[in-house]
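Chains, contacts and geometry: an overview
Given next are the chains, with one letter for each unit.
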Amino acid sequence: MAEAKKMRSEASTSGSVGNGGRGESVVVDVGRRKSTCGYCKSGARTSISHGLWAHSLTVDDYQALLDRGWRRSGCFLYKPDMEKTCCPSYTIRLKASDFVPSKEQTRVSKRMQRFLNGTLDVKKTDKSTDELNTSGGSCNSAHNEDTSFAAMESSVVDCEGKDKADQLMRFLSDQIDNTVQLCIKSGEFSSDQLPKASVKKVAPAKRKLQAENSEELIFSCNIAFQIAATVRRLKKDVKSTKSSEHDVGGKGDSGDLSPKIFAEILAGHLKQPTESCGLSVRACNGHINFYSATQRTDLVEVGRSTMLESSPTANCPNDRHLKKSCGGPQGRHREFEIRLKRSSFDHEEYSLYRKYQLIVHNDTPDHVTESSYKRFLVDTPLVHIEPTDDNAVPPCGFGSFHQQYLVDGKLIAVGVIDILPKCLSSKYLFWDPDLAFLSLGKYSALEEIRWVSENQVHCPSLQYYYLGYYIHSCSKMRYKAAYRPSELLCPLRYQWVPYDIAKPFLDRRKYVVLSDYPTLQNGGSLPEDVLVNKEEQQNDFAQEASNDVSINDDEMAGVDSDFSDDESDSEASAATSLALEHVDLSNVLFGVRGARLRYKDLRHAFDPSQRKFMENQLQRYVRVVGTELSQQMVYSLG
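Notes on the structure in this doc start here. (Residues numbered from 1 in each chain as written. Predicted model: local features only at pLDDT ≥ 70, side-chain atom pairs only at ≥ 80, totals over all residues. Heavy atoms only, no water.)

**Re the packing of aromatic side chains**
For any two aromatic rings, the description comes down to two numbers: the centre-to-centre distance and the angle of the planes. Taken as a whole, this structure holds 22 aromatic pairs when the rule is applied. Note on Phe345 and Tyr350: the rings are 6.1 Å apart at their centroids and 40° apart in plane angle, and the pair reads as tilted. For Tyr350, a relative accessible area of 8% gives the class buried. A centroid spacing of 6.4 Å and a plane angle of 35° characterise the contact between Tyr599 and Phe606, whose relative ring orientation is tilted. No difference in accessibility class separates Tyr599 from Phe606, as the two residues are buried. Members of the aromatic cluster, joined through ring pairs, are Phe345, Tyr350, Tyr353, Tyr373 and Phe430. Cation over ring: Arg93 sits above Trp496, and NZ or CZ is 4.0 Å from the ring centre. Above the face of the Phe115 ring, Arg334 is positioned so that its terminal group lies 4.2 Å from the ring centre. (Phe/Tyr/Trp six-rings, centres within 6.5 Å; stacked < 30°, edge-to-face > 60°. Buried < 20%, exposed > 50% of the residue type's maximum accessible area, 1.4 Å probe, protein only. Lys NZ or Arg CZ within 6 Å of the ring centre and 35° of its normal.)

Right, here's the structure in full:
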């Protein structure tokens, strides 16, 4: 009896406390499911996947599931049976730091800038919006951004003014670098391996806040913080006991190594060269700030300004707001905000979602209800993780979020996202059809990629942007590969393969074991029993980029489905997989009436017929989630 109690205790511990206090995952195995396909519209139940219902799910386990080809719709998890489903769905991601925006994506950003500062003639985009509204959301009716008036307009920033601003920033950066070298030669700075300076433009929203009287703060540089960190590190390495000989100004206390001191020294040397440019320079809390007594319109980019600040709300104490206030040459402007909030029901969001579904996707009113909206986009099994001080969690925490986009206080778009240890996973986006000309689908993706890049400072493991599923056989899903350079997940070995390598093989076959590409490149043949998909080969990204009425893969998860435990199908599929002939079920973690047990300790509780059925179920379960996850997620029996 005591041994049994010990066994249950160990199993329970492995499922919760062993996960670093992040909770535990509890799932119910739904099994194989067949449904009609929302991509190819075959009408038959040709979409085949494996399903799990999650009562709770840790962010670490969901990250691992994503990296095995799973996705979620509300609390329902699903993984396509890639060999048998009609439209194989490959998980696609990109590393945010490697992202290179295309010309089209750059145009989307500039168009939003023109809209916000009042230089975009909205009336000339009405035709595109009207076509979208009357078409019921056909992808072909979305306006072509390459030929629209908005794409033909000039940039928000006058080229001459932008060039002057860029030239002055380079000039000031060079002056700071020269000053640093002079300080090294004079002995004021002790190291000759100090970083280079980079002067940046200051967001318009901060210019008056950090300036005095009629001055305007134009540029700033944080080089003093980098110098201070470098000097401290060098002093620690050499373990100097006579630090006074090397300290700034000849003082020996640690306060002399502060960014504030370095900034004041540099600012003192920079007065003469900056005054020749019509600017003044001052040190402020470690920053080197450059001011203009009167606004220099030739130096200030008329466009987005950004200010990131904490904004506690009742829903999420760690929400983040990104405020952008933009003014045009005639003083016309719109205030733009991005708010990140924990996933919860919001009536304004639901109203926008309903409008989007009815107009863009042509849904019927009785299918767009509060309850369906909650199940689809609000409910989440993810266990929220609060931020920490150890650079392991971003300031907002980990979990499920809604990212709201507002113009002049009005909600115009909502991105439903999951923030996980390695990635931001984009789940769904809905937007105001009246603003179709802004291409908010593309714009939100660019903002989400930017968010990942910015938050790597707080959480170094957070590096990737997951775009959901890429379906090469569905032209409406091709737009995802336009965010480059992207990778696709191999459906067999779960290795990441560059899209550019995978594409030629996907042009020939719907289902490909992508990690076999070295063999395929050397002349190896692809399986002949997989259907060839030739009709899509003529599509390219330029055509797909003109479409902003994209299909979200999660929307297709609940389409007209039923469930099947057809053993012959499952076994046939498993027989073609590598290294899966034997699956060890001994340590599968079970949840039974609140207890946590391993299957090896529970096996005797089943009679022979029940045991055979259970082990067949477990074989499929372990194959789709992997051995490691089967031993840490709780397989619930109720």
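**Remarks on the pattern of salt bridges**
The tally for this structure, following the rule as stated, stands at 18 salt bridges. Here Arg339 makes a salt bridge to Glu337, at a shortest N to O gap of 3.6 Å. The class for Arg339 is partly exposed, based on a relative accessible area of 26%. By relative accessible area, which is 8% here, Glu337 ends up buried. Here the residues in one salt-bridge network are Lys355, Lys410, Asp432 and Asp434, joined through shared partners. (Salt bridge = Lys/Arg side-chain N within 4 Å of Asp/Glu carboxyl O.)

**Focus: the pairing of strand S16 (residues 464-470)**
Along S16, 7 of the 7 residues are buried, which leaves the element largely enclosed by surrounding structure. Bridge count between strand S5 (residues 90-95) and S16: 6 bridges; the pairing is antiparallel. Each bridged residue has a counterpart across the sheet, and for Ile92 the counterpart in S16 is Gly468. As paired elements, strand S15 (residues 423-431) and S16 share 3 bridges and run parallel to each other. Paired with Leu424 across the bridge in S16 is Tyr465. Read as a crossover between parallel neighbours, the route from S15 over helix H12 (residues 440-455) to S16 is right-handed. (Helix = DSSP H or I, 4+ residues; strand = E, 2+ residues; numbered from the N terminus. Pairing = 2+ DSSP bridges. Right-handed = clockwise from strand over helix to strand, strands pointing away.)

**Description of helix H9 (residues 259-275)**
The end-to-end C-alpha separation of H9 is 23 Å, in line with the 24 Å expected for 17 residues at 1.5 Å each. The sharpest bend along H9 measures roughly 45° and falls at His269, with the proline Pro273 sitting one to four residues further on. Among the residues of H9, those classed as buried are Pro259, Phe262, Ala263, Ile265, Leu266, Ala267, Leu270, Pro273 and Thr274. (Expected span 1.5 Å × (residues − 1). Bend = angle between axes of the 7 residues up to and from the residue.)

**With respect to the sheet that holds strand S9 (residues 287-292)**
Pairing is antiparallel in the open sheet, where 4 strands are placed in the order S6-S7-S9-S8. Every other strand in the sheet has two partners, leaving strand S6 (200-201) and strand S8 (280-284) as the edge strands with one partner each. Examined bridge by bridge, S6 and strand S7 (residues 216-221) share 2 bridges and lie antiparallel to one another. In the sheet register, Lys201 faces S7, and the bridge partner there is Phe219. Along the sheet face, H9 touches S8 and S9 and points at about 175° away from the line of S8. (Contact = heavy atoms within 4.5 Å. Axes fitted to C-alpha atoms, helices over the stretch in contact; angles between N-to-C directions.)

Everything listed is a geometric property; what it means functionally is a separate question.
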